[in-house]
Amino acid sequence: MSTQHTDVIIGLEIHCQLNTQTKLFCGCSTDYKEDGPNTHVCPVCIGLPGAMPMVNKKAVEYALRVAKALNLEVLEESEFARKNYFYPDLPKGYQITMYDRPLAERGILEIEDDEGKEKKIRITRIHLEEDPGKLVHMGGVGRARYTLVDYNRSGIPLIEIVTEPDLRSPKEARRFLNKLRATLEYLGIFDGEREGALRVDANISIKGSERVEVKNITSYKGVEKALTFEITRQKSLIRRGAQVERETRHFQEGRGITTSARSKETETDYRYFPEPDLRPLRVQDWVAKIALPELPDARRDRFMSQYGLSLNHARTLTGDLRLAEFYEALAAKAEPVLAATWTADTLQGELNYRDMPVTTVPLDHFADLVNLAGAGEVTDRVAVDVLRKLLDAVLEGRSPAMPSAYVQEQNLGKGDASAFAAVVDEVIAENEQAVADYRAGKASALNFLLGQVMKKTRGKADPREITPMIAARISTEEGS
Ligand SMILES: Nc1ncnc2c1ncn2[C@@H]1O[C@H](COP(=O)(O)OP(=O)(O)OP(=O)(O)O)[C@@H](O)[C@H]1O
Ligand SMILES: [Mg+2]
Ligand SMILES: [Mg+2]
C-alpha cells in the first residue's frame, strides 16, 4: 500500500480520555481540574475491598462512536479483564481493561502521506479501560525525594487505539495523531485541550531489526521528536554493525532523547483474567443506531464545494473542530475565499505565535478586518498590523477597537501613491548610500529604500505602487 521507499516502520498505541461527566466504573465527577488532589474519589475508584464497579453507559456509547467513525467491526461480545501489576498509581493492584476480547477490531483512518496523497492507516483494535491515578514526583523523575499520588484521575474512562505498523515517518505519525484528534473532537467525545488527554506509546523499528517501544509520550510534537531521535539512534547502531535491542524506552521531553527503561517491571506477567465483577458487553446492535456527525473529511469536501476553497485551505481549516467552526461563522460575514486565506495563512500563524486558541478571536472584529482588506481600503501590511494589535488586546484582556473604526481614527487607510511622493523624496535624500548602491547595480538596495518608505508611512503605502515610483526617481535623477 505504501508508495514511500523507506525502511522505517511505526505503529502507535494511543490512550485518549473520554470526556464523560462521570468516571468509567463509578459516579465520581471527572471535572476535577479546579479542585485539589484526591477530592473526586470513592471506594470504587480507589479500589477499597468489596467495592463493586458498574459500567458507565455513556463511556461505552462514546467508544462505539469512535469504533463507527474509524470503521471498526464491533465484537459480538467483549469482555473486561484485570491487568495485574503493583504500582502506587493503582491501589486495587490491577487495572480494569480489555484483553483478548476488545470492543472492536480492524478499522481504517485515512491520512495524507509525505507526498500529500491519501493513505489508509489500519487500526488494529480499540478497547475501553480505566485511567490509573497520577504520580507527582516532587523534584523531577529520577531525582525525586518523594512522590505524591492523586487519585482524581483514577477511573477516568480511556479508549486505547492500536494501529497496525503502517506509518512510515515521524511526520506521518504526527499527521495521524492530528487527524485522530480532529476526528475524536468532531465526535464530541474528547477534549484535546485538556492536559494529558492523549498519551501515546510509539513503536518503531528499522526493517529487518527489532522494534523499540517509547512509552507514555504526552504531546504530538513529542511523538515526532521521539521517533526522529529513535531513527537516528537505531540507524547508527545498524550502520556500526550493532543490534537494535527489543526494549521499552522513555522519552525525555526536555532533552528530546529517549533512554532505556531497563526495569524488569516492564517484563511483568500481567496475569490477565476476565473481570469477575462485570458482565461481558454485547453492544453490536447498538452501534447501528448511533448517528455520527459530519467528520473532518466530509467537512473538507464540503468546504471545497460550498465555498470554493482549495484543497489545502479546506484541509487546514477542517483539521481542527474549533477552527472549522470559526471559519464557517466567518464565511457568513466575509467573502469565503478571502476569509479562508486570512484565517489559514495569517490568523493561524499569529495565534500559534501567541499560543492563543481560535475561540478567543472576536468574530465580528476579524470579519470587519477581512472586509477592509478585501475592499482594498488598507494594505495587507496594515491589516496584519491591525490584527496583531487586536490579538494583543484580547491577550491582555482589553476590549479591542473595531478595525474599521481604528483604521479611520489612526488614519491608516491606504493612501494614494501620489500622496507619498514627498516621503519618497525624503527617503531618497536621506539614504545616499543605498541610492548609489542601486545605481551600481545592487537590486536589493531598492528593497531597503522601500522598507524606509513603508516605515515612514506606517505601512499605508502599497508596495506595488511605491516600488516602481522609487525606481523611476533614482534611475533618472542625477547623483547628489
Ligand atoms: N516491526 C514493527 N515495527 C514497529 N512497530 C510495530 C512493529 N510490529 C508491531 N508494531 C506496533 O507495535 C504495537 C503493538 O502493540 P501491542 O499492544 O499489540 O503489543 P505490545 O506492545 O507488545 O503490548 P503492550 O500492550 O503491553 O504495549 C502496534 O501499534 C503495532 O503496530
Ligand atoms: Mg497495548
Ligand atoms: Mg505496546
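Residues numbered from 1 in each chain as written. Chains lettered and ligands numbered in written order. Predicted model: local features only at pLDDT ≥ 70, side-chain atom pairs only at ≥ 80, totals over all residues. Heavy atoms only, no water.

1. Here we look at the overall build of the chain
Helices and strands together make up the secondary structure of the chain, namely 15 helices and 14 strands. Over its C-alpha atoms, taken along the principal directions, the chain stretches across nearly 95 × 55 × 50 Å. In the chain, buried positions account for 48% of the 480 residues. Taken as a whole, the chain presents about 23800 Å² of accessible surface, with 50% of it coming from carbon and sulfur. (Helix = DSSP H or I, 4+ residues; strand = E, 2+ residues; numbered from the N terminus. Buried < 20%, exposed > 50% of the residue type's maximum accessible area, 1.4 Å probe, protein only. Areas by Shrake-Rupley, 256 points an atom, 1.4 Å probe, with all protein chains shown as cover.)

2. So, the sheet that holds strand β6 (residues 118-130)
Across the sheet, 9 strands lie side by side as β2-β5-β6-β9-β1-β10-β11-β12-β13; this open sheet has mixed pairing. With partners counted over all chains shown, the strands left at the sheet margins are β2 (73-74) and β13 (257-260), one partner each. Note that strand β12 (residues 247-252) and β13 share 4 bridges and pair antiparallel. Opposite Arg-249, over in β13, you have Ser-260 as the bridge partner. (Pairing = 2+ DSSP bridges.)

3. Re the site of ligand 1
The local shell around ligand 1 holds 14 residues, among which Glu-13, Thr-163, Pro-165, Ser-205 and Glu-213 are the closest. Residue Thr-163 places a main-chain N or O atom 2.6 Å away from an oxygen atom belonging to ligand 1. Between ligand 1 and the protein, one listed contact pairs an oxygen atom with a side-chain N or O atom of Asn-203 at 3.3 Å. Alone, ligand 1 offers 640 Å² of accessible surface; in the complex the protein occludes 67% of this. For the shell around ligand 1, the secondary structure elements donating two or more residues are β1 (8-17), β9 (157-163), β10 (198-206) and β11 (212-217). (Near = heavy atom within 4 Å. Polar contact = N/O pair within 3.5 Å; in protein donor to acceptor, adjacent residues only side chain to side chain.)

4. Digging into the coordination of the magnesium ion (ligand 2)
All of the protein donors around the magnesium ion (ligand 2) are Glu-13 (OE) and Glu-160 (OE); their distances to the metal are 2.4 to 2.8 Å. The magnesium ion (ligand 3) is placed at 4.1 Å from the magnesium ion (ligand 2), the two being bridged by Glu-13. With Glu-13 in strand β1 and Glu-160 in strand β9, this pair connects stretches of sequence that are 147 residues apart. Grouping residues by exposure puts Glu-13 and Glu-160 together as buried. (Donors = N, O, S within 2.8 Å, 3.2 Å for Na, K, Ca; no water.)

5. Structural notes on the coordination of the magnesium ion (ligand 3)
The protein atoms that coordinate the magnesium ion (ligand 3) are Glu-13 (OE), Glu-13 (OE), Glu-213 (OE) and Glu-213 (OE), at distances of 2.1 to 2.7 Å. Classification of the site at the magnesium ion (ligand 3) as irregular follows from its 6 donor atoms and the range of 51 to 153° in their angles at the metal. (Tetrahedral: all angles 85-135°; square planar, octahedral: opposite > 155°, others 65-115°.)

6. So, the domain arrangement of the chain
When cut into domains, the chain gives domain 1 (8-289), domain 2 (296-409) and domain 3 (417-476). One C-alpha centre belongs to domain 2, the other to domain 3, and the line joining them spans 32 Å. (Domains from an automatic or database assignment.)

7. Some details on the sheet that holds strand β14 (residues 273-274)
Read from one edge to the other, the open sheet built from 3 strands follows the order β4-β3-β14, with strand pairing classed as antiparallel. Either end of the sheet is taken by a strand with one partner, and the two such strands are β4 (94-98) and β14. Sheet topology places strand β3 (residues 80-84) next to β4; 5 bridges connect them, and they run antiparallel. Bridging across to β4, Phe-80 finds its partner in Met-98.

8. Overview of the packing of helix α6 (residues 311-318) against helix α7 (residues 321-331)
Packing of α6 against α7 brings their axes to within 6 Å, and their N-to-C directions diverge by 120°. Within the contact between the two elements, α6 uses Thr-316, Leu-317 and Thr-318 and α7 uses Leu-323, Ala-324 and Tyr-327. In terms of residue class, the contact of α6 with α7 is made up of 4 nonpolar, 2 polar and no charged. (Axes fitted to C-alpha atoms, helices over the stretch in contact; angles between N-to-C directions. Contact = heavy atoms within 4.5 Å. Nonpolar A, V, L, I, M, F, W, Y, C, P; charged D, E, K, R; others polar.)

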